[in-house]
Amino acid sequence: MQPSNSHILSIDKLSSCLKEFDAIIDVRSPAEFALDHIPGAINLPVLNNEERIEIGTLYKQVSPFAAKKLGAAYVSRNIAYHLENSLIDFPREWRPLIYCWRGGERSGAFTHILNRIGWKAMQLENGYQGFRRIVIDGLDQAAKAFSFQVIAGMTGSGKTRILQEIGALGQQILDLEGLAIHRGSVLGNEPNIEQPSQKGFETNLWDALNSLDPSRIVFVESESKKVGGLHVPDALMERIRNGRCIELRSSTKTRVSWLLREYQHFLSNPESFKQKLSLLTSRYGKVQIEKWHETIDQGDFGNLVEELLVMHYDPSYQSSIVRNFPSYREDHFVELRDDGDEAFTLAAKDLIIKVSA
């Protein structure tokens, strides 16, 4: 039911009305915003991290009335700051959507003041919590609505690059590693970039799937259930794993060359490389890990990468691909002749032709 307040946007209209607003303003604290937020939102907090904790403590230990008095002072001061520094130049026609945690006091105060000024601000019913329910329901629906074409391939075969080439050729893609900011496996973290929170990752997934047409096939890499520290929702992962499967193959020489190019941050920071390999101690023992460390010290990265492929990555791939992707067939593949740009483009075109046949 549409809320009676004309300045409140019903949560069930969010997806269809989102593009009608000139700005989406998240008035929660910076810590809340960092964990997850509506895509495209900006953070104009009416309580900062410390103020939010202080008000919450006062509410529990003293009284709701005392908390509301001090909270109102903080909120008024912070809204005034945003008006003077962030919003002062916007025209009368500017139309923002405001939300907080539940669509209550914080967003209500901000929306009220903006409307009193003359802007046509709207407050999101149920706030972030309502949006979170949309994401969860949307991902469940996507798991039923979409069909996936899985690109399998051993580590270093160039699956992510092929996926990007396929996207450039006009096909629909879902880049799980890009959304998770992680390349998978123990060595897959991106340098100097943190992964999103689990909720943030799910919002990224929801947003990406919203831009795709469920009547057309979506290309995706074969992945484990976890991409770094993040979990792909079970229903979506099951749908992906039941999709059609084609393998990208390349020689060990090509894979080594490609990995040396893609993981330059490890080559330029040997100590970080050693730390990551030490995480495999329980599996391979201290003697083997020390041997790999010595190889790093010697700068013999080519042989080290090849040994890691043969000993660690390839056996894991062979056992998991058959177990997790029922449609996988050894005779359904495309070949990447080398790691040059032209080779990737040709392999992407070949792959599209083969899966369309």
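For the structure, check the block above.
Trainee: Before we move on, could you go through the sheet that holds strand β12 (residues 333–335) and cite the residues and values that matter?
Mentor: Pairing in this open sheet of five strands is parallel, and the strands run β7-β8-β6-β11-β12 from one edge to the other. Unpaired on one side and paired on the other, β7 (172–174) and β12 mark the two borders of the sheet. Mean inter-strand twist for the sheet, computed between neighbouring axes without regard to direction, equals 30°. Running at roughly 160° to β12, helix α16 (residues 341–356) makes contact with β6 (148–152), β8 (218–221), β11 (244–249) and β12 of the sheet.

Trainee: Provide a residue-level description of empty space enclosed by the protein, including the pertinent values.
Mentor: If you roll a probe as big as a water molecule over the atoms, it shows you where there is empty space left. Within this structure, the stated rule accounts for one cavity of 30 Å³ or more. Along its surface, the largest cavity is lined by Thr155, Ser185, Leu187, Leu259, Leu260, Tyr263, Phe266, Leu267, Phe273, Val305, Leu308 and Tyr313. Put simply, the parts of the chain that give the lining of the largest cavity at least two residues each are α11 (252–262), α12 (264–267) and α15 (301–324). Residue contributions to the lining of the largest cavity peak at three residues, all from α15. In terms of residue class, the lining of the largest cavity is made up of ten nonpolar, two polar and no charged.

Trainee: Requested: an account of the packing of α11 against α15, with residues and values cited.
Mentor: At a minimum axis separation of 10 Å, α11 and α15 run at an interaxial angle of 115°. The angle between α11 and α15 places the two elements in the roughly perpendicular class. Crossing angle aside, the handedness with which α11 passes α15 is right-handed. In this structure, α11 uses Thr252, Arg255, Val256, Leu259 and Leu260 to contact α15, whose residues at the interface are Phe301, Gly302, Val305, Glu306, Leu309 and Asp314. For the contact of α11 with α15, the residue count by class is six nonpolar, two polar and three charged.

Trainee: Can you explain the pairing of β8? Please cite residues and give values.
Mentor: Burial along β8 is two-sided: Val218 and Val220 and Phe219 and Glu221, pointing in opposite directions, are all buried. In terms of strand pairing, β6 meets β8 through four bridges, oriented parallel. Looking at β8, one finds that Gln149 is bridged to Phe219. Pairing between β7 and β8: three bridges, direction parallel. Bridging from a neighbouring strand, Leu174 pairs with Val220 of β8.

Trainee: I'd like to hear about the environment of Pro196, residue by residue, with values.
Mentor: Mapped onto the elements, Pro196 comes out in the loop between α8 (176–180) and α9 (198–210). Counting along the chain gives 17 residues from Pro196 to Leu179, while the straight-line C-alpha distance between them is 8.5 Å.

Trainee: With reference to specific residues and values, describe the sheet that holds strand β3 (residues 42–43).
Mentor: Sheets are built from strands that pair by backbone hydrogen bonding, the pairs being arranged parallel or antiparallel. Spatial strand order, β1-β5-β4-β2-β3: five strands in an open sheet with parallel pairing. Each edge of the open sheet carries a strand with a single partner, namely β1 (8–9) and β3. Note: strand β2 (residues 23–26) against β3, two bridges, orientation parallel. Residue Asp26 lies in a different strand from β3, and its bridge partner there is Asn43.

Trainee: Explain the environment of Asp300 to me, using residue names and the numbers behind them.
Mentor: With respect to the secondary-structure elements, Asp300 resides in the loop between α14 (281–297) and α15. Judged by its relative accessible area of 29%, Asp300 falls in the partly exposed class.

Trainee: A description of the packing of aromatic side chains should follow, citing residues and the corresponding values.
Mentor: According to the stated counting rule, one finds eleven aromatic pairs in the structure shown. Judged by centre distance (5.2 Å) and plane angle (80°), the ring pair of Trp94 and Trp119 falls under edge-to-face. Placement of the pair is Trp94 in the loop between α4 (64–85) and β4 (96–99) and Trp119 in the loop between α5 (105–117) and β5 (122–124), with a sequence separation of 25 residues. Both residues of the pair, Trp94 and Trp119, count as buried. Seen in terms of ring centroids, Trp258 and Phe344 are 4.9 Å apart; in terms of plane orientation they differ by 55°. Their pairing is tilted. Of this pair, Trp258 sits in helix α11 while Phe344 sits in helix α16, and the two are 86 residues apart along the sequence. Both residues of the pair, Trp258 and Phe344, count as buried. Following the ring pairs from residue to residue traces out a cluster consisting of Trp101, Tyr128, Phe131 and Trp206.

Trainee: Run through α14, naming residues and quoting values.
Mentor: For α14, spanning 17 residues, the distance from its first C-alpha to its last is only 18 Å, which falls clearly below the expected 24 Å at 1.5 Å a residue. At Val287, α14 shows its largest bend, some 70°. Within α14 the residues assigned to the buried category are Gln288, Ile289, Trp292, His293, Thr295 and Ile296. One or two residues past the end of α14 sits Gly299, with phi positive at roughly 75°.

Trainee: If you had to explain helix α10 (residues 234–241) to someone new, which residues and values would you point to?
Mentor: Buried within α10 are the following residues: Leu236, Met237, Ile240 and Arg241. The arc that holds every buried residue of α10, seen down its axis, measures 130°, which confines them to one face. Seen from the buried face of α10, the exposed residues on the opposite side, beyond 90 degrees, are Asp234 and Glu238. Elements that come into contact with the buried residues of α10 comprise α6 (127–145), β6, α8, α9, β8 and α15.

Trainee: If you had to explain the layout of surface pockets to someone new, which residues and values would you point to?
Mentor: By volume, the largest pocket amounts to about 1,000 Å³. Listing elements by their share of the lining of the largest pocket, those giving two or more residues are α7 (159–168), α8, α11 and α15. It is α15 that contributes the most residues to the lining of the largest pocket, seven residues altogether. Here the lining of the largest pocket is composed, by residue class, of ten nonpolar, 17 polar and twelve charged. The space that makes up the second largest pocket amounts to roughly 800 Å³. Residue lining of the second largest pocket: 22 residues in total, with Leu47, Ile55, Tyr59, Glu105 and Arg106 positioned closest to the centre. In terms of residue count, the dominant contributor to the lining of the second largest pocket is α4 (seven residues).

Basis of the calculations
- Residues numbered from 1 in each chain as written.
- Predicted model: local features only at pLDDT ≥ 70, side-chain atom pairs only at ≥ 80, totals over all residues.
- Heavy atoms only, no water.
- Pairing = 2+ DSSP bridges.
- Helix = DSSP H or I, 4+ residues; strand = E, 2+ residues; numbered from the N terminus.
- Axes fitted to C-alpha atoms, helices over the stretch in contact; angles between N-to-C directions.
- Contact = heavy atoms within 4.5 Å.
- 1 Å grid on protein atoms, 1.4 Å probe; cavity = no way out; pocket = protein on both sides within 12 Å on 5 of 7 lines; lining within 4 Å.
- Points joined across faces, edges and corners; volume = space filled by probe spheres on them.
- Nonpolar A, V, L, I, M, F, W, Y, C, P; charged D, E, K, R; others polar.
- Parallel < 35°, antiparallel > 145°, perpendicular 65-115°, else oblique.
- Left-handed = near helix turned anticlockwise from the far one by under 90°.
- Buried < 20%, exposed > 50% of the residue type's maximum accessible area, 1.4 Å probe, protein only.
- Phe/Tyr/Trp six-rings, centres within 6.5 Å; stacked < 30°, edge-to-face > 60°.
- Expected span 1.5 Å × (residues − 1).
- Bend = angle between axes of the 7 residues up to and from the residue.
- Arc of directions from axis to C-beta.

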